[in-house]
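Chains, contacts and geometry: an overview
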Amino acid sequence: MKPQIDVFKAGNQMAAQAAADINYHVMGYFPISPSTEVAQYLDMMGVNGQHDIQLIAADGEHGAAGICYGAATAGARVFNATSANGLMYMLEQLPVQSGTRYPMVLNLVNRAVSGPLNIHCDHSDLYFALNAGWVILTGANPQQVYDLNIMALKIAEHQDVRLPAIVSYDGYITSHQKHNVKVFENAQDVREFVGEMKREGYDFVIPETAPVTVGAHMKGDDFMNNRYQLEVAQTHALRVFEEVAAEYEALSGRKYELVETYQMEDAEIGLVILNSSADIAKSAIDKMRAEGKKVGLVRPNIVRPFPAEALTQALKDVKVIVMGERADSAGAKGGNLSHDLKAALHDANMTTPVITRIYGLGGKEFYASDAEAVVTLGYDFLADETVEKFGYYGVNPGDSEKGQLIQRSLEPRPVSDYVTGKITTTFNEEKNKVDVKVPPLRMLTSKPKRLVNGHGACPGCGIFSGLELFFKGIEGEIVIVNQTGCAYVVTAGYPYSSYQQHYVHNLFQSGPATLSGIAEALFEMRHRGEITFADSATFVMVSGDGGMDIGMGSAIGTALRGHKLIMLEYDNQGYMNTGAQMSYSTPLGNRTSTTNVGKVRVGKQYAHKDTAQIMAACNMPYVFTGSEAYPLDLVKKAAKAQWYANNVGPVYGKILIACPLNWKSADHDGTNVVKAATDCGFFPLYEVEQGLTTITVDPEAKKRVPVEDWVGYMGKSRHLLKPENEAILAKTKAEIERRYNQLKAKHDSEYL
Amino acid sequence: MEFIPNKHGFVEIRLESIGGQGAYSVGQMLAQIGVEGSHLHAICFADYGSEKKGAPVKTFVRFAKDDVTILNYSPVNEPQIVAVFHELLFKTQPVTDGLHTDGILIVNTDQTPEQLRAMYNLNVKTIVTVDATKIALQYKTKLNTAMLGAIFSSLNFLDPTLAADAIEKMFGYKYPHLVEPNVSTFKDGMEQAQTHVFTDVEAGIAHTRKPTPFGYETQNQGGEIAGPNSYTKNLTASREGMMPEYLNEKCIHCSNCDNVCPDFCFVWEEGVDARGRAQMFLQGIDYNYCKGCLKCVEVCPTQALVSMVEERDYADAHRVQKPFDFLGGVK
Ligand SMILES: Cc1ncc(C[n+]2csc(CCOP(=O)(O)OP(=O)(O)O)c2C)c(N)n1
Ligand code: SF4
Ligand code: SF4
Ligand code: SF4
Ligand SMILES: [Mg+2]
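Residues numbered from 1 in each chain as written. Chains lettered and ligands numbered in written order. Predicted model: local features only at pLDDT ≥ 70, side-chain atom pairs only at ≥ 80, totals over all residues. Heavy atoms only, no water.

**Quick notes on the site of ligand 1**
Residue and element names in this part refer to chain A. Put simply, the test is: In this text, near means that some heavy atom of the residue lies within 4 Å of the molecule or strand in question. By the criterion applied in these results, polar contacts are pairs of N or O atoms within 3.5 Å in which, for protein atoms, one can donate a hydrogen and the other can accept it, and in which residues neighboring in sequence qualify only through two side-chain atoms. Only the protein chains shown count as cover for residues, and the accessible areas themselves come from Shrake-Rupley with a 1.4 Å probe. Side-chain classes follow a simple rule in which Ala, Val, Leu, Ile, Met, Phe, Trp, Tyr, Cys and Pro form the nonpolar group, Asp, Glu, Lys and Arg form the charged group, and the remainder, Gly included, forms the polar group. An automatic or database domain assignment provides the domain bounds reported here.
Contacts to ligand 1 come from 22 residues, most closely from E61, G546, G547, Y570 and N577. One nitrogen or oxygen atom from the side chain of D545 is found 2.8 Å from an oxygen atom belonging to ligand 1. Between ligand 1 and the protein, one listed contact pairs an oxygen atom with a backbone N or O atom of N577 at 2.8 Å. Summarising the interface, the protein chains cover 98% of the accessible area of ligand 1, which totals 590 Å² for the free molecule. For the shell around ligand 1, a count of residues per class yields 9 nonpolar, 11 polar and 2 charged. Looking at which domains feed residues into the shell around ligand 1, each of domain 1 (4–200 + 216–252) and domain 3 (457–748) supplies at least three.

Structure representation (structure tokens):
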């Protein structure tokens, strides 16, 4: 056995620790709760030189999986972590990785697949992965996360397997709970255990080696054989698991069998359950045993390949099997693993009844008492065979009186409430521009906000002051679509909504597409005379800057198609909803949870994305930037945006908003920070109308403030003022200058 | 309190706080000290959600002797110790739900244990109060380390001399300049905690798991929500001591405040100006939704908005209610 030390850590930390111990070459990742911490911990260790893993922040999970695949074909050791919709978004890459036989390890931190959106634990993501051809290991607690991560790589790379592997563990429960755990004192022992990366005998894309072609397409007869090879490899993986587990036991003293059994020796009822719930259920088993009930528990450590024999063996003497499943395959009367198990029993000529209960979906809590209630169903069945074999545990019909909260409680507002008549927009043929007149903003306070009070954003959050100021400039009804992000999460958490206008949330990368569909459907139905609504109805897609990373394709597609709608980005320079990871809009050198400040790296390594210019290059009729620091400017732009969206085609707007929580700026400074961002030239306020650029708030006319003023407001960037970071600050200034001068040139010329 | 486990073999602690107060760090430090200093087993976690700063969060710590492997990963429903980081939470959360009557309740408040007991009708043997907010203001720290001190004042199975180490570990890496003031905050919290043991408590603990009213028969298919309803929430617990005061006589009704308020707290009404024209006039602030960010104070050109330390009952007395158009006029 190798020396180990006791630590107090959570599952995500353990996955990161295992990865650092192994010292993978590459991690291509994209943040999603609850798996994001894995990359965060690795970045934290990385900036201080504790491993050499290249952490690559992708543009979305599809990109992340692509990075991982590419790196694997190059013969690197590759690592990733994701959850729920992250897995869904990379799903099509998974069979590519397994079908072309490139090993890697992916931690799947189990979370419910949307919708309704839910960030908590269930196994619906895992069940989608079951058919991907990957080896899938399943762990119950942080210790197992560590151990299985080390074993997974060795199984995946074994010459008889050569498949990518998933390590699945429960979101929040295992990922975030800190436990007493053991880790190897010397990473070297782990590195020796997994061994050097073996490249000889396999095909990799490495310069100056004999060239190979990866990913040729196949016809059916060849494809059949490719798939059969994969099936054979999966079969080998069962044996290899046992071999690797035996070696690992020698290394660690901890024993992993294909399935863990607990109190099964003379059990008459056997509970089969995955991951953390198995640990929780153990105390229910103990309690029932103490009451003289012969009950036991079985928890697989691996579900692909399916350990059929080990399971049937463990369950061979029970009278009833109770299966708790944390995901369903709706309509199949049992989740996937129930059916796998039933098939295995059938093949083993066993007729043991299986009672399945779907439990704990979306993180619905599962206490030991729940485990007891589920196991007791086995006895109920023995007493009365009409007990339903399949059902949901933990649903309730509801309370028809208290359910009232979701009934309408406010009078729907007539469109006229949102029309003050005090804003005028007229198209000026001569200038090929829209002339806008807005009254003193005081007069617009008569217009109701589009949201009612009571959203759950942090104190001082700039999202809603920014959005509502923009909405003040729009006369008439708005239909709002949100992509996932803070703006959505704090305004539409069931059973509450803050929206007085129609509102749809769709996934993180599909807002522009969704709004395109809404707008075109409504126009078509109106055209056919089926519905009526005023021309002033304005369609607005609200996204964070992160949504414009993962959803850039959808936004560009929408811009190019010319729909009459507005895409409005609120830029808080990071993925704030998931805990302040970097976005491409994060400025150079800034500290985020995935760009830490340490001895070998300081903050984000490259400059911020210029989304407004990217969108302007789509030649949309109107593109603008704005902020609450210049309210009149923003309201005017909103009025113009409405005119273009109502009459011509798509509009893109980017407003900079403060996130005091993650910018580590004072709550009261929200307006001041974004003002300094404009006044120092970092975030110039301008518009690109019919292709012509106009700087609308000229920082030079009012004396530009030093970049330091802006940087100094925020804890996430204040370290740039230290002498040792002078070079980064200089680079920041130079980039601001270069972009600003370019913009000025555009302002001055009708050809740029 | 000595290490007296409950019937499951655990000592269980629940921290009631609002996001941003650093209760989770306190939970981690407690667990860490228990594990490293007292050779206990522990697990520590929070009820993570999508909640932001200012929203209620619960943190759980579960201890056991080191011969017990903790396999209960479920939230703590029947704690022996509850620490409430923000007194306003008594109004919006069932903070003492399930607390053992012979347990300990630790509260951040300027009141004494006796006063607190009377105010909230508390039925728990030991009440500890500490003015953590004041201590933190003094050292320009967060109040969490003061609460940690107060918790230590009532637990003797954890070694307080290890707290300084734990604080160092927590802040040392990213914010080394915060270590010292936090150690002082901790010490003051421990010293200034007032403890009162009441003998006349009723036995028994009451914890009930309430099912959601939105069941499969009452929830709209697909989960749609008919119109806005978040206005029914009370957000006052999001304030951490400061709030804006509105001085109507100084107001020029420019709407700067309305433009930057993230929570739409400013209430306007139409009236006529000196020249007899229709114009909008600011009536005041709906404190029910005010999170105390003070952005409005920054942009007010006439000091009609100034920041003030929140006084008990001021908000209720000075709230100008935002009018809502209730369906059929029924609230
Ligand atoms: C496919 C997918 N990947 C990742 C996520 C996780 N996720 C949800 S919101 C978010 C960040 C949002 O960032 P941004 O759009 O900038 O909005 P903010 O939260 O900053 O307001 C992330 C990473 C997701 N929901 N779906
Ligand atoms: S995390 Fe930032 S962007 Fe999100 S609600 Fe809080 S302040 Fe707003
Ligand atoms: S900013 Fe000040 S002066 Fe202007 S409306 Fe608000 S309170 Fe009145
Ligand atoms: S402090 Fe001012 S700006 Fe902030 S929420 Fe309260 S009223 Fe609004
Ligand atoms: Mg963002």
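**Notes on the environment of F390(A)**
What counts is decided by this rule: Numbering of helices and strands runs from the N terminus; a helix is a DSSP stretch of H or I covering at least four residues, while a strand is a stretch of E covering at least two.
Mapped onto the secondary structure, F390(A) falls in strand β15 (residues 390–392). Counting along the chain gives 52 residues from F390(A) to S338(A), while the straight-line C-alpha distance between them is 9.9 Å.

**Points about the coordination of the magnesium ion (ligand 5)**
Residue and element names in this part refer to chain A. Under the convention used in this document: Ligating atoms shown are N, O and S within 2.8 Å of the metal, or 3.2 Å for Na, K and Ca, and water is not included, meaning a site may look less than complete. Here's how the labels work: a residue is buried when its accessible area is under 20% of the maximum for its type, exposed when over 50%, partly exposed in between, all with a 1.4 Å probe on protein chains only.
Note on the magnesium ion (ligand 5): its protein donors are D545 (OD), N572 (OD1) and G574 (O). The metal-donor distances range over 2.0 to 2.1 Å. Counting residues between consecutive donors of the magnesium ion (ligand 5) along the chain gives the motif D-x26-N-x1-G. Here N572 and G574 have matching classes, each one buried.

**Section: the site of ligand 4**
Residue and element names in this part refer to chain B. Quick reminder of the rule: A pocket, in this scheme, is an open set of points on a 1 Å grid over the protein atoms alone with protein on both sides within 12 Å along at least 5 of 7 lines, while a cavity is a set where a 1.4 Å probe fits but cannot get out; residues line either one if an atom lies within 4 Å of a point. For a molecule to be placed in a cavity or pocket, more than half of its atoms must lie within 2 Å of the grid points of that cavity or pocket.
Taken together, P244, C261, P262, C265, F266, C290, K291, G292, C293, L294 and C296 make up all the residues around ligand 4. Here ligand 4 occupies the largest cavity. Residues that form the shell around ligand 4 fall into these classes: 9 nonpolar, 1 polar and 1 charged.

**Section: the pattern of salt bridges**
Residues and elements named next belong to chain A. What counts is decided by this rule: Think of a salt bridge as a Lys or Arg side-chain nitrogen and an Asp or Glu carboxyl oxygen that are within 4 Å of each other.
Summed over all chains, the structure comprises 50 salt bridges over all chains. Where E157 meets R77, a salt bridge forms, and the shortest distance between an N and an O atom there is 2.7 Å. With a gap of 80 residues between them, E157 in helix α7 (residues 142–157) and R77 in the loop between α3 (61–73) and β4 (78–82) connect regions that are remote in the sequence. Taking the relative accessible area as the measure of exposure, E157 reaches 15% and is therefore buried. Accessibility expressed as a relative area gives 7% for R77, which makes it buried. Where R704 meets E700, a salt bridge forms, and the shortest distance between an N and an O atom there is 3.6 Å. Within the structure, one salt-bridge network assembled from shared partners comprises E260, D279, K282 and R299.

**Things to note about the sheet that holds strand β6 (residues 135–138) of chain A**
All names here are of chain A. Rules: Between any two strands, pairing holds if DSSP finds at least two bridges. For helices, the fitted axis covers only the stretch in contact; all axes are lines through C-alpha atoms, and the angles between them, taken along N-to-C directions, range from 0 to 180 degrees.
Reading across the sheet, the 7 strands line up as β3-β2-β4-β5-β7-β6-β12 and stay open at both edges, with mixed pairing between neighbours. Each having just a single partner strand, β3 (54–57) and β12 (302–304) make up the two edges of the open sheet. Neighbour to neighbour, the strand axes of the sheet diverge by 20 degrees on average, direction disregarded. Pairing geometry for β6 and β12, over 2 bridges, is antiparallel. The residue of β12 that forms the bridge with I136 is R304.

**Looking at the sheet that holds strand β6 (residues 126–130) of chain B**
Residue and element names in this part refer to chain B. For clarity, the cut-off: We call two residues in contact whenever any of their non-hydrogen atoms come within 4.5 Å of each other.
A sheet is described by the order of its strands in space; here 7 strands give the open sequence β2-β3-β1-β4-β5-β6-β7, paired in mixed fashion. This sheet does not close on itself; its edge strands, each paired only once, are β2 (40–46) and β7 (194–197). The sheet shows a mean angle of 15 degrees between the axes of neighbouring strands, direction not considered. For strand β1 (residues 11–18) and strand β3 (residues 56–65), the ladder comprises 8 bridges, and the chain directions are antiparallel. Following the sheet pairing, S17 is matched in β3 by V57. Sitting on the sheet, helix α1 (residues 23–37) is in contact with β1, β2 and β3, with an inclination near 170 degrees to β2. Along the sheet, helix α5 (residues 144–154) makes contact with β1, β4 (81–84), β5 (104–108) and β6, crossing β5 at roughly 155 degrees.

**Brief notes about the domain arrangement of chain B**
All names here are of chain B. The domains assigned to chain B are domain 1 (11–197) and domain 2 (232–327). If you average the C-alpha positions of domain 1 and of domain 2, the two centres end up 34 Å apart. Taken together, the contact between domain 1 and domain 2 spans 14 residues of the former and 8 residues of the latter. Here domain 1 is connected to domain 2 by 2 salt bridges. Among the salt bridges present, the one from R312 reaches E87, with a minimum N-O distance of 2.9 Å.

**Structural notes on empty space enclosed by the protein**
All names here are of chain B. Rules: Grid points are joined across faces, edges and corners, and a volume is the space filled by probe spheres set on the points.
Tallied over the full model, the rule gives 11 cavities of 30 Å³ or more. There is about 100 Å³ of room inside the largest cavity. Every residue lining the largest cavity is counted, 15 residues in all, and those nearest its centre are C261, C290, K291, G292 and C293. Class assignment for the residues of the lining of the largest cavity results in 10 nonpolar, 2 polar and 3 charged. Put simply, the second largest cavity is a space of about 80 Å³. Together, 15 residues line the second largest cavity, and C251, C254, C257, C300 and L305 are the ones closest to its centre. The residue makeup of the lining of the second largest cavity, split by class, is 11 nonpolar, 4 polar and no charged.

**Examining the domain arrangement of chain A**
What the domain assignment lists for chain A is domain 1 (4–200 + 216–252), domain 2 (261–392) and domain 3 (457–748). For domain 2 of chain A and domain 3 of chain A, the distance between their C-alpha centroids amounts to 50 Å.

**A few points about unusual backbone geometry**
Residues and elements named next belong to chain A. Here G115 and P116 are connected by a cis peptide whose omega angle stands at -10 degrees. The topology assignment puts P116 in the loop between β5 (105–110) and α6 (124–129). Residue P305 follows R304 across a cis peptide bond; omega there is -5 degrees. Position of P305 among the secondary structure elements: in the loop between β12 and α12 (308–314). Despite not being glycine, Q263 has its phi angle at roughly 60 degrees, a positive value. Tracing the backbone shows Q263 in the loop between β9 (259–262) and β10 (269–273).

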